[in-house]
Amino acid sequence: MPETFGKRQREGVKARKAAAREERRIARNTRKEARASGELADTWLSDPPNHDEPPAIEERVG
């Protein structure tokens, strides 16, 4: 077998993984900045709004 067998494939995998890692880093920093500025108020840590509950209907007395 030649010494370079599979080297190109391994380099391709490493490049794809590095690109994916960079995209995740950029997305993480964008979310972090949005939370710091108050644009992104709801996070996965906060309680989500309850959409299953129907809106409250005020009873009118009269």
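Residues numbered from 1 in each chain as written. Predicted model: local features only at pLDDT ≥ 70, side-chain atom pairs only at ≥ 80, totals over all residues. Heavy atoms only, no water.

**Some details on the overall build of the chain**
From N to C terminus, the chain includes one helix and zero strands. Relative to its 62 residues, the chain shows a buried fraction of 2%. Summed over its atoms, the accessible surface of the chain is roughly 6,700 Å², and 53% of this surface lies on carbon and sulfur atoms. (Helix = DSSP H or I, 4+ residues; strand = E, 2+ residues; numbered from the N terminus. Buried < 20%, exposed > 50% of the residue type's maximum accessible area, 1.4 Å probe, protein only. Areas by Shrake-Rupley, 256 points an atom, 1.4 Å probe, with all protein chains shown as cover.)

**Side note on a positive patch on the surface**
A contiguous patch of positive charge, built from Lys-17, Arg-21, Arg-24, Arg-28, Arg-31, Lys-32 and Arg-35, is present on the exposed surface. Topologically, Arg-24 is positioned in helix H1 (residues 7-37). (Patch = residues over 30% accessible without salt bridge, like charges linked within 9 Å, V, L, I, M, F, W, Y side chains within 5 Å. Salt bridge = Lys/Arg side-chain N within 4 Å of Asp/Glu carboxyl O. Lys, Arg positive; Asp, Glu negative; His and termini not counted. Charge placed at Lys NZ, Arg CZ, Asp CG, Glu CD.)

**Topic: H1**
If you check H1, its first and last C-alpha atoms are 45 Å apart, about what 31 residues at 1.5 Å a residue would give, namely 45 Å. Directly beyond the C-terminal end of H1, a positive phi value near 90° is found at Gly-38. (Expected span 1.5 Å × (residues − 1).)

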